[in-house]
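A structural walkthrough
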Amino acid sequence: MLAPLRQGLPPLDPAAVSNTASCALPPRYEAVREARRFTRGTLDGWDMGERFDDVCLVVSELVTNALRHALPADTPRHQDLGGPVRLHLMRWTERLVCAVRDPSHDSPVARETDDFSAESGRGLFLVDSFSDGWGWHPLAGGPGGKVVWALFRLRRPAGGAERAAE
């Protein structure tokens, strides 16, 4: 259940992308709030506010994991650096992908836990539970790192049959 797809995103036609949005996040925990605010504004702009709760929870977990586990220990947390963590939101007609890029080469690890009252250690379990799929892939070239993503299936827009009934 919690085994991510290491090979990357399922096939998506880049030509069919409807919208994309991206923001750099500073290396401090307040960035999680900034990521939620960015997600809210983006989804509202795409007229997808009804998906905010699930998407926001997943974005919060992915960004928190990147800040907690993927930054080098000596990363200054009080400065607004160029954004070592980056949030990407991409929408296709029937899919929404939330992707968080970070500088670590380490794979995300879902902890096995039976303690659902614990304050940490359940992030990837929540990502798995609230999204329709998740995974990660390493980044080639440049500074490297990885992208951890979550996919949400969207309902098809209303078709011609429903419009004809109006």
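A short tour of the structure in this document, coming up. Remember, it's a predicted structure, so these values are computed and weren't measured experimentally.

**Digging into the overall build of the chain**
Along the backbone of the chain there are four helices and five strands. Helices and strands in the chain line up, N terminus first, as β-α-α-β-β-α-β-β-α. Burial analysis of the chain (166 residues in total) assigns 42% to the buried set. A sequence separation of at least 24 residues applies to 69% of the contacts in the chain between residues at least 6 apart. For the chain, the accessible area works out to roughly 9,400 Å², and carbon and sulfur atoms hold 49% of it.

**Overview of the pairing of strand β5 (residues 146-153)**
Of all eight residues in β5, seven are buried, a share of seventy percent or more. As judged from the six bridges shared by strand β4 (residues 133-138) and β5, these two strands associate in the antiparallel manner. Bridging across to β5, Gly 133 finds its partner in Leu 151.

**Overview of the pattern of salt bridges**
Counted by the stated rule, this structure contains four salt bridges. The partner of Arg 28 in a salt bridge is Glu 34, with the nearest N and O atoms 3.0 Å apart. When its relative accessible area of 19% is taken as the criterion, Arg 28 is described as buried. Relative accessible area serves as the criterion here: at 24%, Glu 34 is assigned to the partly exposed category. Between Arg 40 and Asp 44 there is a salt bridge, with the nearest N and O atoms lying 3.9 Å from each other. Separated by four residues within a single helix, Arg 40 and Asp 44 lie in helix α1 (residues 31-45), roughly one turn from each other. Taken together, the shared-partner salt bridges in this structure form one network comprising Arg 28, Glu 30 and Glu 34.

**Details of the nonpolar core**
Membership of the largest hydrophobic core comes to 33 residues, with the highest contact counts inside it found for Leu 25, Val 59, Val 63, Leu 87 and Leu 96. Of all the secondary structure elements, the ones that give two or more residues to this core are β1 (19-25), α1, α2 (52-69), β2 (85-91), β3 (95-102), α3 (123-130), β4 and β5. Take this core: its biggest share by element is nine residues, from α2. Discounting residues that sit within four places of it in the chain, Leu 96 has contacts with Leu 43, Trp 46, Met 48, Val 55, Met 90, Arg 91, Ala 150, Leu 151, Phe 152 and Leu 154. Formed by seven residues, the second largest nonpolar core is a distinct cluster that contains Met 90, Ala 99, Val 147 and Leu 151.

**Quick notes on the packing of aromatic side chains**
If you walk through the whole model with that rule in mind, you get zero aromatic pairs. Geometry around Phe 52 places Arg 40 over its ring, the cationic atom sitting 3.7 Å from the centre.

**A closer look at the environment of Met 90**
Along the chain, Met 90 turns up in strand β2. Each C-alpha atom, one on Met 90 and one on Asn 19, is 5.8 Å from the other, the two residues being 71 residues apart in sequence. Beyond its immediate sequence surroundings of up to four residues, Met 90 is in contact with Asn 19, Thr 20, Trp 46, Arg 95, Leu 96, Val 97 and Ala 99.

**Concerning the environment of Val 58**
Relative to the assigned elements, Val 58 resides in helix α2. Taking the relative accessible area as the measure of exposure, Val 58 reaches 0% and is therefore buried. Sequence spacing of Val 58 and Val 127 is 69 residues, and the spatial spacing of their C-alpha atoms is 5.2 Å. Those residues in contact with Val 58 that sit more than four places away from it in its chain are Val 127, Phe 130, Ser 131, Ala 150 and Phe 152.

What counts and what doesn't
- Residues numbered from 1 in each chain as written.
- Predicted model: local features only at pLDDT ≥ 70, side-chain atom pairs only at ≥ 80, totals over all residues.
- Heavy atoms only, no water.
- Helix = DSSP H or I, 4+ residues; strand = E, 2+ residues; numbered from the N terminus.
- Buried < 20%, exposed > 50% of the residue type's maximum accessible area, 1.4 Å probe, protein only.
- Contact = heavy atoms within 4.5 Å.
- Areas by Shrake-Rupley, 256 points an atom, 1.4 Å probe, with all protein chains shown as cover.
- Pairing = 2+ DSSP bridges.
- Salt bridge = Lys/Arg side-chain N within 4 Å of Asp/Glu carboxyl O.
- Core = buried A, V, L, I, M, F, W, Y, C linked by side-chain atoms within 4.5 Å.
- Phe/Tyr/Trp six-rings, centres within 6.5 Å; stacked < 30°, edge-to-face > 60°.
- Lys NZ or Arg CZ within 6 Å of the ring centre and 35° of its normal.

Just distances and angles here, no functional claims.
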